[in-house]
Amino acid sequence: MRIAMICHSSFGGSTRIATELSFELARRGHKVHLFSRTAPPGFRDAGNGVTLHRIIADQDDQTHPASLYTYWPKHEYQKFVSHLLQSIAEEDFDILHFHYAIPFAFIVQDVKRHLGKRSPPVIGTLHGTDTTIHGRDPVKGPSLARALFATDGLTSVSFHHAHLSAGVFGLPSCPEVIPNFVDLSVFHPPVKVDEEKRKIRITHVSNFRPIKDLQCVARIFLGIHTRMDSELWLIGDGEEMEKIQSFFKQEGIEEDVCFWGLRPNVAPLIAQSDLLLMPSLYESFCLAALEGMACGVPVIASNAGGLPEVVIHGKTGFLVAVGDYSTAVDLVVNLLSDQEKYRAMKEAAALHALKFDQKKIVSLYEDYYKRVESQLGEPQ
Ligand code: GMT
């Protein structure tokens, strides 16, 4: 198939899924073009088989690499539409697939308006705050719903988020659920076990947006730190970074906190961790939790959104109510004090992650593309 993939270029789960999906589809022999504002992090230019189209040069980009760029100036928006139209004319795509609805649902709606029946089928994947924030916006929400109605297929990454999106946008049916996936050749338990005596290592990875509840991460770690010899690894960056840095300074424990910054490849760091903390206010899925489990790292997460579809409470990690850091601390301390239980949880986490193997899940996307294409027939 000839596929046009459209995604953001900031650090985040939807970008990761879109780029990894593109690479795997290209490996399977599809012709894939990836459209993004600038080059997505981790885009390996040479040899991935995917043609990258960026709308502005990377060096001209003034935005923070972790912030999701949703307010596009008109000239960039128009440039994206024109670029897509030109590429569609040249490449004759079978499918246009956008990841994250803002601004891409509007962009492809314009493309469809322009091309009418000559437009390739359009599929959108709803990833998170495109539904929970933008979809609920009294001004933007209704026009976003209209743009989504104009697509030929919608998917989402968990049952919870698909149902929520159907309700928020008043969709006639639930989006198809295709869960996020993990490349098990990259995310796996360490081959060599680290025998060196070291502090207990607690890790959090995200783009440090308010929704990740960094205050809760900090309070959980503080509670663990007072009871166990431990350190915190923070991987990522974003708007909450300064607040969290000053919190640790005030508490006088900054020496036990390591800031790794934004990393295109987080697997080696996650694999060296003992536990992953993801106490977000909401997650449609939480790709980081899945990647942690694939590395055999139990996950302490909030019982929010699609997280219960990823982390099995008591088996591959623990789920606590949003903001309930004291329960999280007790669960962690009990777990780490019981080596047998901890080892069983590590094994169960790695085993459970196999359900989300990239190889299996990408086939679901291929099947879905074929289904949408055949329902519509060939474009005229
Ligand atoms: O929706 C967002 O805030 C951004 C988006 C992203 O690009 O990081 O995150 C969402 O998509 C990921 C990939 O599907 C999911 O793993 C995240 O749970 C989801 N974030 C939220 O729902 C807050």
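Every value quoted in this text rests on a predicted model; they were computed, and no experiment measured them. (Residues numbered from 1 in each chain as written. Predicted model: local features only at pLDDT ≥ 70, side-chain atom pairs only at ≥ 80, totals over all residues. Heavy atoms only, no water.)

### Focus on the layout of surface pockets
Part 1: Approximately 850 Å³ is the volume found for the second largest pocket.
Part 2: Val 193, Arg 198, Asp 274, Tyr 342 and Lys 346 are, among the 23 residues lining the second largest pocket, the residues nearest its centre.
Part 3: Among the elements that line the lining of the second largest pocket, the one with the most residues is helix 12 (residues 339-353), at 6 residues.
Part 4: Residue composition of the lining of the second largest pocket, grouped by class: 8 nonpolar, 4 polar and 11 charged. (1 Å grid on protein atoms, 1.4 Å probe; cavity = no way out; pocket = protein on both sides within 12 Å on 5 of 7 lines; lining within 4 Å. Points joined across faces, edges and corners; volume = space filled by probe spheres on them. Helix = DSSP H or I, 4+ residues; strand = E, 2+ residues; numbered from the N terminus. Nonpolar A, V, L, I, M, F, W, Y, C, P; charged D, E, K, R; others polar.)

### Comments concerning the sheet that holds strand 13 (residues 317-320)
Pairing between the strands of a sheet is mediated by backbone hydrogen bonds and can be parallel or antiparallel.
Part 1: Spatially, the 6 strands line up as an open sheet ordered 10-9-8-11-12-13, and their pairing is parallel. Each end of this open sheet is capped by a strand with a single partner; those strands are strand 10 (257-261) and strand 13. Between one strand axis and the next, the sheet turns by 20 degrees as a mean value, whatever way the strands run.
Part 2: The sheet strands contacting helix 11 (residues 325-336) are strand 8 (200-206), strand 11 (275-278), strand 12 (299-302) and strand 13, and the helix crosses strand 13 at an angle near 165 degrees. (Pairing = 2+ DSSP bridges. Axes fitted to C-alpha atoms, helices over the stretch in contact; angles between N-to-C directions. Contact = heavy atoms within 4.5 Å.)

### Brief notes about the nonpolar core
Part 1: The biggest cluster of nonpolar side chains holds 56 residues, and the ones touching the most others in it are Leu 290 and Tyr 369.
Part 2: Split by domain, this core shows at least three residues from each of two domains, domain 1 (2-181 + 358-377) and domain 2 (200-356).
Part 3: Excluding anything up to four places from it in sequence, Tyr 369 contacts Met 1, Ile 3, Met 5, Leu 21, Leu 25, Ile 95, His 97 and Ile 123.
Part 4: Within the second largest apolar cluster, 35 residues are counted, among which are Phe 35, Tyr 69, Leu 96 and Ala 147. (Core = buried A, V, L, I, M, F, W, Y, C linked by side-chain atoms within 4.5 Å. Buried < 20%, exposed > 50% of the residue type's maximum accessible area, 1.4 Å probe, protein only. Domains from an automatic or database assignment.)

### So, the pairing of strand 6 (residues 153-156)
Across a regular strand the side chains alternate sides, sitting on one face of the sheet and then on the other.
Part 1: Residues Gly 153 and Thr 155 point to one face of strand 6 and Leu 154 and Ser 156 to the other, with burial holding for every one of them.
Part 2: Sheet analysis places strand 5 (residues 122-126) next to strand 6, joined by 4 bridges and oriented parallel. Within the sheet, the bridge partner assigned to Leu 126 lies in strand 6 and is Ser 156.
Part 3: Judged from the 2 bridges that link them, strand 6 and strand 7 (residues 176-177) form a sheet pairing that is parallel. For Ser 156, the partnering residue across the bridge sits in strand 7 and is Val 177.

### Points about the domain arrangement of the protein
Part 1: Domain boundaries assigned for the protein yield domain 1 (2-181 + 358-377) and domain 2 (200-356).
Part 2: For domain 1 and domain 2, the distance between their C-alpha centroids amounts to 29 Å.
Part 3: Listed as interface residues are 28 residues of domain 1 and, on the opposing side, 20 residues of domain 2.
Part 4: With both sides pooled, the region where domain 1 packs onto domain 2 buries about 1,800 Å², and carbon together with sulfur makes up 59% of that total.
Part 5: Of all residues in domain 1, Phe 11, Arg 16 and Asn 180 bury the most surface against domain 2, accounting for 28% of the area lost on that side.
Part 6: At the junction of domain 1 and domain 2, the tally comes to 1 salt bridge. (Buried area = accessible area lost by both parts, 1.4 Å probe. Salt bridge = Lys/Arg side-chain N within 4 Å of Asp/Glu carboxyl O.)

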